[in-house]
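Structural overview for review
Listed below, chain by chain, are the residues.
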Amino acid sequence: MNIDCKRLKEHLSLLLDRNINYGDLTALIQVSRSIIQAHLKFMRNSITHLCLHHGLTITDLSYDCIAEAFSKDENDNYQKLINFSKALRENFTALPDLEIFLAYKSFLTCIADAQLARLYAQSDPVGAKIHRNIRDTVKKSDTLLIERNHRGLILKLKDN
């Protein structure tokens, strides 16, 4: 799918202004699904096995992520998307279209990664406890740190 960054920015702007129509919302959800699915398929090698284990497809998982991103609060606001727009370095309308796309892609992939972490924890509760214990130990450690790179989380020595 070819993504038009200008239209994506327009759709997000309309959504944040609570002025979006059904057609534009549908288009925004389709673009969001494409971004999430591409991330899941090409960045996470074990996704197929994980989905089979839970009886899901990658499309199901993508829509779960979209449901989380587009969830509304008690005041009928898209709170996660509002928080996303507030976290940008400048006002939403002042940023270039490509920068909005990259920020939105990052927002969606963070949600997808959190969804995956929950699925992995359900599949392997012992592994999730080990991961949590390592993370807690590293917080207190003077010699270890956890970094994220293109492969995922890496446990490293601080001085190396």
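Now for a description of the structure that goes with this document.

Definitions and limits used
Residues numbered from 1 in each chain as written. Predicted model: local features only at pLDDT ≥ 70, side-chain atom pairs only at ≥ 80, totals over all residues. Heavy atoms only, no water. Helix = DSSP H or I, 4+ residues; strand = E, 2+ residues; numbered from the N terminus. Buried < 20%, exposed > 50% of the residue type's maximum accessible area, 1.4 Å probe, protein only. Contact = heavy atoms within 4.5 Å. Areas by Shrake-Rupley, 256 points an atom, 1.4 Å probe, with all protein chains shown as cover. Lys, Arg positive; Asp, Glu negative; His and termini not counted. Charge placed at Lys NZ, Arg CZ, Asp CG, Glu CD. Axes fitted to C-alpha atoms, helices over the stretch in contact; angles between N-to-C directions. Parallel < 35°, antiparallel > 145°, perpendicular 65-115°, else oblique. Left-handed = near helix turned anticlockwise from the far one by under 90°. Nonpolar A, V, L, I, M, F, W, Y, C, P; charged D, E, K, R; others polar. 1 Å grid on protein atoms, 1.4 Å probe; cavity = no way out; pocket = protein on both sides within 12 Å on 5 of 7 lines; lining within 4 Å. Points joined across faces, edges and corners; volume = space filled by probe spheres on them. Polar contact = N/O pair within 3.5 Å; in protein donor to acceptor, adjacent residues only side chain to side chain. Salt bridge = Lys/Arg side-chain N within 4 Å of Asp/Glu carboxyl O. Pairing = 2+ DSSP bridges. Phe/Tyr/Trp six-rings, centres within 6.5 Å; stacked < 30°, edge-to-face > 60°.

In terms of helices and strands, the chain carries 7 helices and 2 strands. The linear arrangement of helices and strands in the chain, starting from the amino end, is α-α-α-α-α-α-α-β-β. Viewed in the frame of its principal axes, the chain has a C-alpha envelope of about 50 × 40 × 35 Å. Across the 160 residues in the chain, those meeting the buried criterion constitute 34%. Counting only contacts in the chain whose residues sit at least 6 apart along the sequence, the fraction spanning at least 24 positions is 55%. Surface summary for the chain: the accessible area is close to 10,200 Å², and the carbon and sulfur share equals 53%. Within the chain, the 19 negative side-chain charges are centred at a point lying 5 Å from the centre of the 22 positive side-chain charges.

Let us look at the packing of helix 2 (residues 22-43) against helix 4 (residues 58-69). It is the contact of helix 2 with helix 4, at a shortest axis distance of 9 Å, that shows an interaxial angle of 125°. As summarised for this structure, helix 2 and helix 4 are arranged oblique, according to the angle between their axes. Of the two elements, helix 2 crosses helix 4, and the hand of that crossing is right-handed. The residues of helix 4 that touch helix 2, namely those facing Ile29, Ser32, Arg33, Ile36, Gln37, Leu40 and Lys41, are Ile58, Thr59, Leu61, Ser62, Tyr63, Cys65 and Ile66. Each residue belonging to the contact of helix 2 with helix 4 can be placed in one class, and the counts come to 8 nonpolar, 4 polar and 2 charged.

Glancing now at empty space enclosed by the protein. Summed over all chains, the structure comprises 1 cavity of 30 Å³ or more. Approximately 40 Å³ is the volume attributed to the largest cavity. What lines the largest cavity is simply Leu15, Leu16, Arg18, Asn77, Tyr78 and Ile82. Tallied by class, the residues present in the lining of the largest cavity amount to 4 nonpolar, 1 polar and 1 charged.

Our focus in this paragraph is the side chain of Thr109. With respect to the helices, strands and loops of the structure, Thr109 is situated in helix 6 (residues 97-123). Within polar-contact distance, the side chain of Thr109 engages the backbone oxygen of Ser106 at 3.0 Å.

One pass over the structure, following the stated rule, counts 8 salt bridges. Salt-bridge contacts for Lys80 lead to Glu68; the nearest nitrogen and oxygen are separated by 3.1 Å. Highlighted residues: Lys80 in helix 5 (residues 79-86) and Glu68 in helix 4, separated in sequence by 12 residues. On the accessibility criterion, Lys80 (33% relative accessible area) is partly exposed. The salt bridge partner of Lys156 is Glu147, with a shortest N-O separation of 3.2 Å. When salt bridges with common partners are traced through the structure, they connect Arg18, Lys72 and Asp76 into a single cluster.

Once that is clear, we can look at the pairing of strand 2 (residues 152-157). As judged from the 6 bridges shared by strand 1 (residues 144-149) and strand 2, these two strands associate in the antiparallel manner. What sits directly across from Asn149, in strand 2, is Gly152. Here strand 1 hands over to strand 2 after 2 residues, the two strands then running antiparallel side by side.

Okay, the packing of aromatic side chains next. This structure, assessed with the given rule, holds 4 aromatic pairs. Pairing Phe70 with Tyr78 gives two aromatic rings, centres 6.2 Å apart and planes at 80°, and the pair type is edge-to-face. Of the two residues examined, Phe70 and Tyr78, each falls in the buried class. Taking 5.1 Å as the distance between ring centres and 35° as the angle between the ring planes, the aromatic pair formed by Phe84 and Phe107 counts as tilted. You can see Phe84 sitting in helix 5 and its partner Phe107 sitting in helix 6, a full 23 residues away along the chain. Pair check on accessibility: Phe84 and Phe107 agree, each one buried. Ring-pair connections join several aromatic residues into one group, and the members of that group are Phe84, Tyr104 and Phe107.

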